[in-house]
Every structure is written in structure tokens, then in C-alpha cells.
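Here is how the chains run, residue by residue.
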Amino acid sequence: MMTTITLYRNTTGWLAQWTGDGARQIRELFGTDTLPLPYTSQARPLTVLAEVQERNPEVRVELA
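Because the structure is predicted, anything quoted here is derived from the model rather than measured. Every chain is numbered independently, its residues counted from 1 as its sequence is written. Per-residue local features of the predicted model are confined to residues with pLDDT of at least 70, and side-chain atom pairs are confined, for both listing and counting, to 80 or more; whole-chain, interface and lining totals are unaffected and use all residues. Values reported for side chains reflect all heavy atoms of the structure, with hydrogen atoms and water molecules removed beforehand.

Chemist: Teacher, can you tell me more about the sheet that holds strand 2 (residues 13-19) here?
Modeler: Strand-to-strand pairing in sheets goes through backbone hydrogen bonds, with the strands running parallel or antiparallel. Spatially, the 4 strands line up as an open sheet ordered 3-2-1-4, and their pairing is mixed. The open sheet terminates on both sides in strands that have one partner only, identified here as strand 3 (34-40) and strand 4 (60-63). Across this sheet, the average inter-strand angle for adjacent strands is 25°, counted without regard to direction. Two strands pair when backbone bridges link them, and strand 1 (residues 4-9) and strand 2 are joined in this way by 6 bridges, in the antiparallel orientation. When the bridges of strand 2 are listed, T4 appears paired with T19. Where helix 1 (residues 21-30) meets the sheet, it contacts strand 2 and strand 3, and its direction lies at approximately 120° from that of strand 2. Of the strands in this sheet, strand 1, strand 2, strand 3 and strand 4 are in contact with helix 2 (residues 45-55), which crosses strand 4 at around 170°. DSSP bridges decide pairing: two strands pair if at least two such bridges lie between them. Labels follow the DSSP assignment, with helices taken as runs of H or I lasting at least four residues and strands as runs of E lasting at least two, numbered in each case from the N terminus. Here, axes are lines fitted to C-alpha atoms. For helices the fit covers the stretch in contact, and angles between N-to-C directions go from 0 to 180 degrees. By definition, residues are in contact when any of their heavy atoms lie within 4.5 Å.

Chemist: Looking at this structure, how should I read the environment of G13?
Modeler: Tracing the backbone through its elements, the reader meets G13 in strand 2. Sequence-distant contacts of G13, that is, excluding residues within four places in its chain, are made with Y8, Y39, T40 and S41.

Chemist: For this particular structure, what's the right way to read the nonpolar core?
Modeler: General note: in soluble globular proteins, nonpolar side chains tend to be found buried as a group. By size, the foremost hydrophobic cluster in this structure holds 16 residues, and its most contacted members are I5, L7, L37 and V48. When residues of this core are traced back to their parent elements, those giving at least two are strand 1, strand 2, helix 1, strand 3 and helix 2. Every residue in contact with V48, bar those within four places of it in the chain, is listed here: L7, W14, L37, Y39 and A43. Among buried residues, the Ala, Val, Leu, Ile, Met, Phe, Trp, Tyr and Cys ones that are joined through side-chain atoms within 4.5 Å form a nonpolar core. Per-residue accessibility, obtained with a 1.4 Å probe over protein chains only, is compared with the maximum for each type, and a residue is labelled buried under 20%, exposed over 50%, and partly exposed between these values.

Structural data, given as C-alpha cells:
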């Protein structure tokens with residue numbers, strides 16, 4: 001199963017949730033499959049998407 005990172009925003013900032021094959025490794029390393037990103041909630045969705053895609057070219061990245 002391909003790894004997918006789903007990006008979503010809450011009131012304080014952006015979060016990334018891993019699903020698929022890569023989620024197991026993220027859970028083993030951090031104890032969760034969802035991690036905060038270094039972007040405030042004011043960051044533009046397409047900017048966050050582009051930057052996460054650039055840093056993770058081997059996985060699918062999508063906006064929730």
C-alpha cells in the first residue's frame with residue numbers, strides 16, 4: 001500500500017497524518033501517525049502542500 005500524507009489545518013497550525021506503508025514507521029518513531037508541521041494556521045494550503053511534497057517525493061501528499 002502506498003504511503004499517503006494528508007495535510008490538514010486546525011486553529012493553531014498544520015498537521016500531517018501518515019497512512020499506508022509509511023504510517024507504521026512514523027508510529028514506531030513518534031508514537032503517533034499524526035505530527036505537527038512548522039506552519040501556522042495562516043500558511044497558505046498550496047504553499048504547505050508544495051513544501052511537504054518537495055521534502056517527501058516518494059509519497060503521495062494531499063490536502064484534507
